[in-house]
Amino acid sequence: MSTSRPRSVFSHIRRTPKALALKSVVLAGVCAVALAGCAGHPKKKAEIVTQQRPVELIYATGASRLDDRNWVDAVQYFHEVERQYPYSEWARRAILMTAYAHYQGNDYDDARDDADRFVSLYPGNPSAVYAYYIKAICYFEQIIDVGRDQAATEQALAALREVVRRYPTSQYATDAKLKIDMVNDQLAGKEMAVGRFYLRENQPLAAIGRFRTVIDKYQTTSDAPEALYRLVEAYLTIGLNEEAKRNAAVLGFNYPGDRWYSDAYDLMKGKGLRPQIIPVKKHSGGIQLPRLPWVRGKALKPPTAA
């Protein structure tokens, strides 16, 4: 029994030059359609974004992209809301949603620009607090270790304080206060790192300046006990025993059970000086300030209706 081969779609066309030419044209057309189908999605997506559509649909699509963690597309749709409906309440909301999408995508500069634009356009809007807060969080997320420049840390501190000053009873102010403590701990840590470096380099006067900054500006941080000890150490190095005794007394009064006071007490005794306050035995109730845990993690939620 013979097996018949499948008939080609061109089997009815005779193999004449004219027919072969027609076959080539048809094949080219089929290939073009197939290629267009393969490349159809990007083109279709661009048309969806840029053509005139109901604002609710464009905004909802941007929100859907946020849910899918597609930050770039979300920004595109929210920008389109602003472009097509620039004076609507949807455009106002879209600015904050754009800021949120930029923040989640680690585009911190763009997120801050969005926040500044919202505040400039709608300074009295209840959602302005979110704009101030997300700007502060963008600086906060860029804080780096104490061994490097702390410009972002200073900017984070200023921005967080602005949230607390403007909106003291808001939920964002509550979180900002916690982060302010963390930022102060970071800045104190930077001063301590530099001060220790100066001590190692036998530059006690420069070290004293750094440790004094910790006591004057960041006395509630976990670095305060060590800063007082280092001041005792530095003043004894340059022979200013009275200054050493004064700082040792402050350390003993505030942190009698801290290991840094125990070390300062031993150091003073080694120099023939005996502080009046006897160190409390370790682990017997003395105060030891823990360093605040450094928490990051994109916990910020999208803004509510602006």
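These numbers come from a predicted model, not from an experiment.

**As for the packing of aromatic side chains**
Thinking step 1. Throughout the structure, instances matching the rule amount to 10 aromatic pairs.
Thinking step 2. Taking the centre distance of 5.3 Å and the plane angle of 55 degrees together, the rings of F118 and Y122 count as tilted.
Thinking step 3. Geometrically, the ring pair formed by Y229 and W260 is tilted, given 5.2 Å between the ring centres and 40 degrees between the ring planes. Of the two residues, Y229 sits in helix α11 (residues 224-237) while W260 sits in helix α13 (residues 259-270), which places them 31 residues apart along the sequence.
Thinking step 4. We classify Y229 as buried; its relative accessible area is 10%.
Thinking step 5. What links up through ring pairs into an aromatic cluster is the set Y59, F78 and W90.

**Topic: the side chain of T221**
Thinking step 1. Mapped onto the secondary structure, T221 falls in the loop between α10 (204-217) and α11.
Thinking step 2. At a separation of 2.8 Å, a polar atom in the side chain of T221 contacts the main-chain carbonyl oxygen of Y218.

**A look at the confidence of the model for the chain**
Thinking step 1. On average, residues of the chain score 81 in pLDDT, and 75% of them are at 70 or above.
Thinking step 2. Residue range residues 1-46 is modelled with pLDDT below 50. Its contacts to residues more than four positions away, or to other chains, number 10 contacts.
Thinking step 3. Contacts from residues 283-290, a stretch scored under 50 in pLDDT, to residues over four places away or in other chains number 11 contacts.

**Remarks on helix α7 (residues 128-141)**
Thinking step 1. Here α7 contains 14 residues, and its C-alpha end-to-end distance of 20 Å stays within 8% of the 20 Å for a straight helix at 1.5 Å per residue.
Thinking step 2. Taking burial as the measure, the 14 residues of α7 include 13 buried ones, the bulk of the element.

**Some thoughts on the packing of helix α9 (residues 171-200) against α10**
Thinking step 1. Two numbers describe how α9 lies on α10: the axes approach to 8 Å, and their chain directions differ by 165 degrees. Judged by the angle between their axes, α9 and α10 are roughly antiparallel. The two elements α9 and α10 meet at a crossing, and its hand is left-handed. Touching A188, E191, M192, V194, G195, R196, Y198 and L199 of α9 are P204, A206, A207, R210, F211, T213 and V214, all from α10.

The rules behind the values
- Sequence order as written defines residue numbering, which begins from 1 separately in each chain.
- Residues qualify for local features only when their pLDDT is at least 70, as the model is predicted, and side-chain atom pairs are given and counted only at 80 or more; totals for whole chains, interfaces and linings, by contrast, use all residues.
- Side-chain metrics in this entry use all non-hydrogen atoms of the structure; hydrogen atoms and water are not considered.
- Between rings of Phe, Tyr and Trp, where Trp is taken as its six-membered ring, a pair exists when centres lie within 6.5 Å; planes separated by under 30 degrees are stacked, by over 60 edge-to-face, and by other angles tilted.
- Each helix is a run of H or I in the DSSP string that is no shorter than four residues. Each strand is a run of E no shorter than two, and both are numbered from the N terminus.
- To sort residues, take the accessible area from a 1.4 Å probe on protein chains only and compare it with the maximum for the residue type: under 20% means buried, over 50% means exposed, and anything in between is partly exposed.
- Any pair of nitrogen or oxygen atoms within 3.5 Å is treated as a polar contact; in protein, a donor-acceptor pairing is required on top of that, and neighbouring residues in sequence qualify only through side-chain atoms on both sides.
- Per residue, pLDDT captures the predictor's confidence, and it can take any value from 0 to 100.
- By the convention used here, residues are in contact when the closest approach between their heavy atoms is within 4.5 Å.
- Given the number of residues in a helix, its expected span is that number minus one, multiplied by 1.5 Å.
- The axes used here are C-alpha line fits, helices contributing only the stretch in contact, and every angle between their N-to-C directions lies in the interval 0 to 180 degrees.
- What sets the label is the angle itself: under 35 degrees gives roughly parallel, over 145 gives roughly antiparallel, 65 to 115 gives roughly perpendicular, and the rest give oblique.
- Two helices crossing with the near one rotated counterclockwise from the far one by less than a right angle form a left-handed crossing, whereas a clockwise rotation gives a right-handed crossing.

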